[in-house]
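Remarks on the overall topology
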Amino acid sequence: MEEELQFCEKVPKIELHAHLNGSISLEKLKLLNDNDVPTLPQYEITSSTPLKQCFEVFKIAHTIVNNPLKVYEATLSVIEDFYKDNVIYLELRSTPRMIPDIMTKDVYIESVIKAIQTASLTFPKILVKFLISVNRAHGIENATENILSAIKYHEMYPEYVVGLDLSGDPSEGEAFLHLLERARNAGLKIAAHCAEVPNNDEVEDILNFKPDRLGHCTHIHPDLNGSNELFEQLLTSKIPIELCITSNIKCQTVSDYSKHQFNYFYKANHPICIATDDKSVFNTTLSKEFQIIKTHFKLSSKELIKLSLAAVDYSFATNNEKEKLRQIIKNFTYLE
Ligand code: IMP
Ligand code: ZN
């Protein structure tokens, strides 16, 4: 077990689904917590927790990370964590937050970008990109604002701001697909959370929209409250799926590993990548997620590395950057 984790730690990895505020380590949050948020001990989800309750946990990080300097510091520490876990490419996603008299959404975005710039000097072995999130539960005005900001900052910093993420409590709000279309037309890539809860009508709309990547895709196979038609539509689309195993198990969107959608998509040879979602909230790392894949789905070391290599193709990096990342993974040597 320990040996497997050590191997997974050494593999150069690609992280494509990480929410900034769910990824800040507990240690860093404690350092940043000068307001003495009393709920900190309950921060980490340690056993099965209903999905709805998971969304309450993010509010703790939001209360603590409450000014531009803390956004900068939190971002830098998350990048450092991934770098130490041998992640060579990271797409961080975050929802711009406004705090009256303290921080505008633009300042929030700029603080994240500044941290990515600093990280490119301090931790040059990890390449970091930024996806701006739209929270589906926060209404159309907020969604429009975030999408316009994403377009603006993509134009200003095309090397960092590369995409848009649709996230938030899946039992609330809507997918704002007509707005996502605007972002796509402006050159942003789209990563959309999809089917975290059963909602076949919305899944069909999202699949018809054809985002560049999809998150989770739990309730699509007929065995998981989806349908044959949706599953077939998704396979035909070949849209890569970001799978976050621990997140799904801890939030109870699937009951156990044997029922996880990984089984269906891997067998069908559908493009997938492995991700952490919220590494701090779910007490995981990308290496631990790789180890889970090895242990519970019986993948060999070679197959794990193949997953890592394939994830490069699904990333929003430039072709040049992708080629460099592929070389690093191909040069990784190990004993069978
Ligand atoms: P932030 O966007 O950096 O503040 O990261 C936390 C936010 O990410 C949460 O408030 C949610 O909107 C979103 N998020 C994190 N995990 C999930 C998930 O599993 N499904 C949908 N949204 C999520
Ligand atoms: Zn997510």
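To be clear, the structure that these remarks concern was listed above.
Fair warning: this is a prediction, and the values are worked out from it, not measured in the lab.

Reading the values: rules and limits
- Residues numbered from 1 in each chain as written.
- Chains lettered and ligands numbered in written order.
- Predicted model: local features only at pLDDT ≥ 70, side-chain atom pairs only at ≥ 80, totals over all residues.
- Heavy atoms only, no water.
- Buried < 20%, exposed > 50% of the residue type's maximum accessible area, 1.4 Å probe, protein only.
- Helix = DSSP H or I, 4+ residues; strand = E, 2+ residues; numbered from the N terminus.
- Pairing = 2+ DSSP bridges.
- Right-handed = clockwise from strand over helix to strand, strands pointing away.
- 1 Å grid on protein atoms, 1.4 Å probe; cavity = no way out; pocket = protein on both sides within 12 Å on 5 of 7 lines; lining within 4 Å.
- Points joined across faces, edges and corners; volume = space filled by probe spheres on them.
- Near = heavy atom within 4 Å.
- Polar contact = N/O pair within 3.5 Å; in protein donor to acceptor, adjacent residues only side chain to side chain.
- Areas by Shrake-Rupley, 256 points an atom, 1.4 Å probe, with all protein chains shown as cover.

Observations regarding the pairing of strand S2 (residues 87–94)
- With respect to burial, S2 is a largely interior element, eight of its eight residues being buried.
- Of the pairings in the sheet, the one linking strand S1 (residues 13–19) to S2 comprises five bridges and is parallel in character. From the neighbouring strand, Glu-15 faces S2, where its bridge partner is Leu-90.
- Across six bridges, S2 lies against strand S3 (residues 127–135) in parallel orientation. Bridging from a neighbouring strand, Leu-90 pairs with Val-128 of S3.
- As a crossover connection, the stretch from S2 through helix H6 (residues 105–122) into S3 is right-handed.

Looking at the layout of surface pockets
- Taken as a whole, the largest pocket encloses approximately 740 Å³ of empty space.
- The wall of the largest pocket is formed by 41 residues, among which Phe-55, Phe-58, His-62, Asn-135 and Gly-168 lie closest to the centre.
- At the level of elements, helix H2 (20–23), helix H4 (51–64), S2, H6, S3, strand S4 (161–167) and helix H11 (245–250) are the ones that each hand at least two residues to the lining of the largest pocket.
- Per-element accounting of the lining of the largest pocket gives the leading share, eight residues, to H4.

A short note on the site of ligand 1
- The local shell around ligand 1 holds 17 residues, among which Asn-21, His-62, Ser-94, Thr-95 and Asp-278 are the closest.
- Within the side chain of Thr-95, a nitrogen or oxygen atom sits 2.5 Å from an oxygen atom of ligand 1.
- One of the side-chain nitrogen or oxygen atoms of Asp-278 is found 2.8 Å away from a nitrogen atom of ligand 1.
- Taken by itself ligand 1 offers 490 Å² of open surface, and the protein chains cover 97% of this.

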